[in-house]
Amino acid sequence: MSDAAQPTAAEVRAAAEAVKVALDRHLAAVEHRTGEDDPAVSEAFNALAVAAEVYDERLYHRYDEVTPFEIPDPDDSLPPYRGPEEPNALSVLIRRDYAVVEPQRLLAQAQRIADVDGDTGTGGVVGGSVHAALGVLFGEYEPDEIASRHKEFGLEEGDSTLWVSAADDLPEPGEWLSAPFDQADPQQVVCRFDVSAVFDEDDLDADLDDMEEQDA
């Protein structure tokens, strides 16, 4: 980065002072919130996020340092939680995507399982059917084991997510089995964990940008 584009020490100091002011305003808004969706709190949050980002950028460009915290983008966060304060039950919703990149490996593994089980009928069906092979594979192994051994089965991982959703009580047995995901409500989610190549790409892009800035 050229000297002309570098922020001055005074500009870094001013950005730091702006963060302090934004922090005070955010705390005051939270202390006097009028409800869960108080717009004053949202505005203070966004102002704090902007101030922190400006300070982080100026700090980095001037001193090659970064802050130890990151304020999440409100557009990417979960909606306000509206579930029970003291949940008596929970649902764990998991989605994992896979690409079938080596169908012959998948077919061979499914055939081996069928042969070991001595199920000649299933073995005959496996033949060249990926559909049947997947049924054999997921019928034999737990999803977590498939996730840890996916390459052995000719699969490639895609995105995955896990939602922990709170409830007052467990549903009645069999109540949701016909449509297990229709009642998934983001506002009942206590926490979620996402895995995606997008995050790795973002990190790589950031690293490349940093390298370009340092070379400039």
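Every residue gets a number counted from 1 within its own chain, in the order that chain's sequence is written. Only residues with pLDDT of at least 70 get local features here, since the model is predicted, and only at 80 or more are side-chain atom pairs given and counted; chain-wide, interface and lining totals rely on the full set of residues. Side-chain figures throughout are based on the complete set of non-hydrogen atoms in the structure, without hydrogens or water.

Asks: Explain the sheet that holds strand S3 (residues 189–195) to me, please; I cannot follow it from the model alone.
Replies: Sheet strands line up and pair through hydrogen bonds in the backbone, either parallel or antiparallel. Pairing is antiparallel across the open sheet formed by three strands, whose spatial order is S1-S2-S3. One side of each edge strand has no neighbouring strand; the edge strands of this open sheet are strand S1 (89–100) and S3. Put simply, the sheet's adjacent strands are angled 10° from each other on average, direction ignored. DSSP-based pairing: two strands are paired if at least 2 bridges between them are found. Strands are runs of DSSP state E lasting at least two residues, helices are runs of H or I lasting at least four, and both sets are numbered from the N terminus onward. By the bridge criterion, eleven bridges tie S1 to strand S2 (residues 155–167) in an arrangement that is antiparallel. By the bridge assignment for S2, Ile-94 is matched with Leu-162. Only C-alpha atoms enter the line fits that serve as axes; for helices the fit covers just the stretch in contact. Angles between N-to-C directions range over 0 to 180 degrees.

Asks: Help me understand unusual backbone geometry, please; the structure alone is not making it clear to me.
Replies: With the exception of glycine, most residues fall at negative phi, and the peptide bonds are largely trans. A positive phi angle, near 60°, is found at Asp-64, a position not held by glycine. Within the secondary structure, Asp-64 sits in the loop between helix H2 (39–63) and S1.

Asks: Help me understand the pattern of salt bridges in this model?
Replies: Pairing between side chains becomes possible if they bear opposite charge and their charged atoms approach one another. Any carboxyl oxygen of Asp or Glu within 4 Å of a side-chain nitrogen of Lys or Arg constitutes a salt bridge here. Following the criterion strictly, the structure yields seven salt bridges and no others. Note that Glu-152 and Arg-149 form a salt bridge whose closest N and O atoms lie 2.9 Å from each other. On the basis of relative accessible area, Glu-152 is assigned to the partly exposed category, the value being 33%. Under the scheme applied here, a residue whose accessible area is under 20% of the maximum for its type counts as buried, over 50% as exposed, and between as partly exposed, the area being computed with a 1.4 Å probe on protein chains only. The exposure class of Arg-149 is partly exposed, given its relative accessible area of 21%. The partner of Arg-192 in a salt bridge is Asp-194, with the nearest N and O atoms 3.1 Å apart.

Asks: Is there a simple way to explain the nonpolar core in this structure?
Replies: Considering soluble globular proteins, one finds that nonpolar side chains tend to be buried as a cluster. Joining through side-chain atoms within 4.5 Å is the link that ties buried Ala, Val, Leu, Ile, Met, Phe, Trp, Tyr and Cys residues into a set, and such a set is a nonpolar core. Ranked by size, the top nonpolar core spans twelve residues in total: Leu-106, Leu-107, Ala-110, Ile-113, Val-126, Ala-133, Val-136, Leu-137, Tyr-141, Ile-146, Phe-153 and Leu-155. Of all the elements in the fold, those that place two or more residues in this core are helix H3 (103–117) and helix H5 (130–140). When residues of this core are assigned to their parent elements, the largest contribution, four residues, is made by H3. Discounting chain neighbours no more than four positions away, the residues touching Tyr-141 are Arg-112, Ile-113, Ile-146, Arg-149 and Phe-153. Contacts between residues were defined by any pair of non-hydrogen atoms, one from each residue, lying within 4.5 Å.

Asks: Help me out: how do you make sense of the environment of Ala-29 in this one?
Replies: Note that Ala-29 resides in helix H1 (residues 9–31). Sequence spacing of Ala-29 and Glu-43 is 14 residues, and the spatial spacing of their C-alpha atoms is 9.0 Å. Excluding its chain neighbours within four sequence positions, the residues that come into contact with Ala-29 are Ala-40, Val-41 and Ala-44.

Asks: I'm lost on the packing of H3 against H5 in this one. Help?
Replies: To describe two helices that pack against each other, one gives the angle between their axes and the distance between the axes. Where H3 meets H5, the closest approach of the two axes is 9 Å, and the angle between their N-to-C directions is 55°. Accordingly, the angle class assigned to the pair H3 and H5 is oblique. By crossing handedness, the relation of H3 to H5 is classed as left-handed. Between H3 and H5, the residues in contact are Pro-103, Leu-106, Leu-107, Ala-110, Ile-113 and Asp-117 and Val-130, Ala-133, Leu-134, Val-136, Leu-137 and Glu-140, respectively. The scheme is simple: roughly parallel for angles under 35 degrees, roughly antiparallel for over 145, roughly perpendicular for 65 to 115, oblique for anything else. Throughout, a crossing is termed right-handed when the near helix is turned clockwise from the far one, and left-handed when it is turned anticlockwise from it by less than a right angle.

Asks: Whenever I open this one, the environment of Glu-36 confuses me. Can you help?
Replies: Along the chain, Glu-36 falls in the loop between H1 and H2. Its relative accessible area of 52% is what places Glu-36 among the exposed residues. Placed 46 residues apart in sequence, Glu-36 and Arg-82 show a C-alpha to C-alpha distance of 9.2 Å. Leave out the neighbours within four places in its chain, and Glu-36 touches Pro-80, Tyr-81 and Arg-82.

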